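Structural features, examined
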Amino acid sequence: NFYLTPDNGLVILAEKYNRWVSQVTSYISSGPNGMGSYRTSTYAHYDCEDIYMSKVSATGNIDWLHILPKRQFEVVPIGNQSGWFSGFTYYGFFDAVDNRPFYAGFTSMVGNGAIHLFFNDNDANVNVLQPGGKIKKTMRFGKSSCYQIDLDMATGKYTRKALFNNNDIPTCMPRLASVMDNTLWVTGKEDRFLAKSKIVVGKFVVAN
């Protein structure tokens, strides 16, 4: 993300990010005709780590650079393949558009001389604001909280606060939020076993 500052500088936000795909194959014993079957499941792994916040002045100098420790790890099943050893196969649903991860990552918006960042994090990291602090990985996003970082565009100073806990509501998806004027529209999703997913919509309003 890039934001123009009042003094014609530029604030740059970036995130350490890694994605990889794994496959797990399970084999089922042969039937009466001697042919066995298999099932291969494919998973996308998303490792969303530290947030980098920096300001470049109008003259091209770096005024400040901060690193906010963060470690989010999300695994998403993205498809499966199964069939007989004889060669017959069929494919399950596979999302061709990689609009993931759902719960990891962050989003941001500007308002009132500050940049506001939103992301899910483990509550054990509430006081970790600088590199070197012990950071706990966030994997169970339904047990996490949604946090807000307020970053002063001029000085680079920032604070952190918890907005709400995801425990009793569909888990917030900050990375997929949309900014309209001074409002951030967010969605939350709760996947239910043998039932339809539950979706909610909310908004964060920031003073201009």
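In this report, we go over the structure that sits alongside the text. (Residues numbered from 1 in each chain as written. Predicted model: local features only at pLDDT ≥ 70, side-chain atom pairs only at ≥ 80, totals over all residues. Heavy atoms only, no water.)

Focus: the overall build of the chain
Note the threshold: Under the scheme used here, helices are H or I runs from DSSP no shorter than 4 residues and strands are E runs no shorter than 2 residues, and both carry numbers assigned from the N terminus. Note on classification: 1.4 Å probe, protein chains only; a residue is buried when its accessible area is under 20% of the maximum for its type, exposed when over 50%, partly exposed between these limits. Whether two residues are in contact is decided by their heavy atoms: any pair within 4.5 Å suffices.
Secondary structure assignment for the chain yields 0 helices and 14 strands. The proportion of buried residues among the 208 residues of the chain is 40%. Within the chain, contacts between residues separated by at least 24 positions form 60% of all contacts whose residues are at least 6 apart in sequence.

Some thoughts on a nonpolar patch on the surface
This is how the line gets drawn: Each patch is assembled from residues with relative accessible area greater than 30% and no salt bridge, linking like charges that lie within 9 Å and nonpolar side chains (Val, Leu, Ile, Met, Phe, Trp, Tyr) that lie within 5 Å. Computed with a 1.4 Å probe, the accessible areas rest on the Shrake-Rupley method; for each residue, only the protein chains presented here act as cover. What counts as a salt bridge is simple: a side-chain nitrogen of Lys or Arg found within 4 Å of a carboxyl oxygen of Asp or Glu.
A grouping of F2, L4 and L10 is seen on the molecular surface, where their side chains present a nonpolar patch of about 330 Å² in accessible area. Here L10 is to be found in strand β2 (residues 10–28).

Here's the deal with the pattern of salt bridges
Counting across every chain of the model gives 7 salt bridges. Note that D7 is salt-bridged to K55, the shortest N-O span being 2.8 Å. Note that D7 is positioned in the loop between β1 (2–4) and β2 and K55 in strand β3 (residues 37–56), a separation of 48 residues in sequence. The class of D7 is partly exposed, set by a relative accessible area of 46%. You can call K55 buried: its relative accessible area is 2%. We note a salt bridge from D121 to R160, for which the minimum N-O separation is 2.6 Å. In this pair, D121 sits in strand β8 (residues 114–121) while R160 sits in strand β10 (residues 158–165), placing the two residues 39 residues apart along the sequence.

Considerations on the packing of aromatic side chains
Heads up, the condition is: A pair of Phe, Tyr and Trp rings is counted when the ring centres sit within 6.5 Å of each other, with Trp represented by its six-membered ring. The angle between the planes then sorts it: under 30 degrees is stacked, over 60 is edge-to-face, the rest tilted. Charges are assigned to positions over rings by a cutoff of 6 Å between ring centre and Lys NZ or Arg CZ, combined with an angular limit of 35 degrees from the ring normal.
Counted under the stated rule, the structure contains 5 aromatic pairs. Site record: aromatic cluster; members linked through ring pairs are F102, Y103 and F141. The ring of F73 has K137 lying over it, and the distance from NZ or CZ to the ring centre is 5.1 Å.

Thoughts on the side chain of T183
For T183, the position within the fold is in strand β13 (residues 183–190). On the accessibility criterion, T183 (11% relative accessible area) is buried. For T183, the contacting residues outside a window of four places in its chain are M109, S178, K203, F204 and V205.

Description of the nonpolar core
Rule in force here: Residues enter a nonpolar core if they are buried and are Ala, Val, Leu, Ile, Met, Phe, Trp, Tyr or Cys, with the set joined through side-chain atoms within 4.5 Å.
Counting 16 residues, the largest nonpolar core has L13, M53, I115, L117 and L151 as the members making the most contacts within it. Of all the elements in the fold, those that place two or more residues in this core are β2, β3, β4 (62–68), β8 and β9 (145–152). Residues in contact with I115, not counting those within four places in the same chain, are Y3, V11, L13, S108, M109, V110, I149, D150, L151 and M153. Ranked by size, the runner-up nonpolar core spans 9 residues in total, among them M109, C172, L184 and F204.

Concerning the sheet that holds strand β7 (residues 106–111)
The test is simple: Two strands qualify as a pair provided that DSSP identifies no fewer than 2 bridges between them. Axes here refer to lines fitted to C-alpha atoms; in helices the fit is confined to the stretch in contact. Angles between the N-to-C directions go from 0 to 180 degrees.
Here we have 4 strands laid out as an open sheet, ordered β7-β8-β9-β10, and antiparallel in their pairing. In this open sheet, the two strands that pair with only one neighbour each are β7 and β10. If you compare each strand with its neighbour and ignore which way they point, the axes differ by 25° on average. As paired strands, β9 and β10 are joined by 7 bridges and run antiparallel to one another. Across the sheet, residue Q148 finds its bridge partner in β10, namely K161.

Side note on the environment of G105
Note on placement: G105 falls in the loop between β6 (89–91) and β7. In the structure, G105 is positioned 58 residues away from D47 in sequence and 8.8 Å away in space, judged by C-alpha atoms. In contact with G105, not counting residues within four places along its chain, are E15, C48, Q72, F118, F119 and R175.

Some remarks on unusual backbone geometry
The backbone of N8 sits at a positive phi, close to 65°, despite the residue not being glycine. Locating N8 in the fold gives a position in the loop between β1 and β2. The class for N8 is exposed, based on a relative accessible area of 54%. At D181, a position not held by glycine, the phi torsion is positive, near 55°. You can see D181 is positioned in the loop between β12 (178–180) and β13.

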